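Geometric and topological summary
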Amino acid sequence: MLAILAKDGDILFEPLGINGPVAVGKGPFSSQLLDVSCRIMARYCDRNGKNYADISYRRLPDDQVITVRSVCLDEGDLAKLRALTNAA
């Protein structure tokens, strides 16, 4: 459902081959922000005990899909990100 609401210029993130969330990113994304976004996605996927997930993303409306194997973001790094966003 979320993918339907995405607009041109948004980045659509989806897990590949496993159950997990779908996410939409808005605005400019550096390579570092893409990496962190994929790692957050991997954290919330059904990884069956693995510490990684394959996450695909693309900027809409492009058909070019990029898939990366992302190690899930650990609790400590996630807590740091939460603190940064709460301070802003």
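Up top is the structure.
What comes next is a walk through the structure. As the structure is a prediction and not an experimental result, all values here were calculated from the model. (Residues numbered from 1 in each chain as written. Predicted model: local features only at pLDDT ≥ 70, side-chain atom pairs only at ≥ 80, totals over all residues. Heavy atoms only, no water.)

Brief notes about the pairing of strand E4 (residues 66-71)
On any regular strand, side chains alternate: one points to one face of the sheet, the next to the other face. Looking at chain direction, strand E3 (residues 52-59) and E4 are connected through six bridges and run antiparallel. Bridge pairing in E4 places Ile-55 opposite Val-68. A loop of six residues connects E3 with E4, the two strands running antiparallel in sequence. (Pairing = 2+ DSSP bridges. Helix = DSSP H or I, 4+ residues; strand = E, 2+ residues; numbered from the N terminus.)

Some points on the packing of helix H2 (residues 31-43) against helix H3 (residues 75-87)
For the pair H2 and H3, interaxial distance at closest approach is 12 Å and the crossing angle is 120 degrees. Classified by the angle their axes make, H2 and H3 are oblique. In terms of crossing hand, the pair formed by H2 and H3 is left-handed. Counted together, Val-36, Arg-39, Ile-40 and Arg-43 of H2 and Glu-75, Asp-77, Leu-78 and Leu-81 of H3 form the full contact between these two elements. When its residues are assigned to classes, the contact of H2 with H3 shows four nonpolar, no polar and four charged. (Axes fitted to C-alpha atoms, helices over the stretch in contact; angles between N-to-C directions. Parallel < 35°, antiparallel > 145°, perpendicular 65-115°, else oblique. Left-handed = near helix turned anticlockwise from the far one by under 90°. Contact = heavy atoms within 4.5 Å. Nonpolar A, V, L, I, M, F, W, Y, C, P; charged D, E, K, R; others polar.)

Interpretation note: all reported values are geometric properties and have no functional meaning in isolation.
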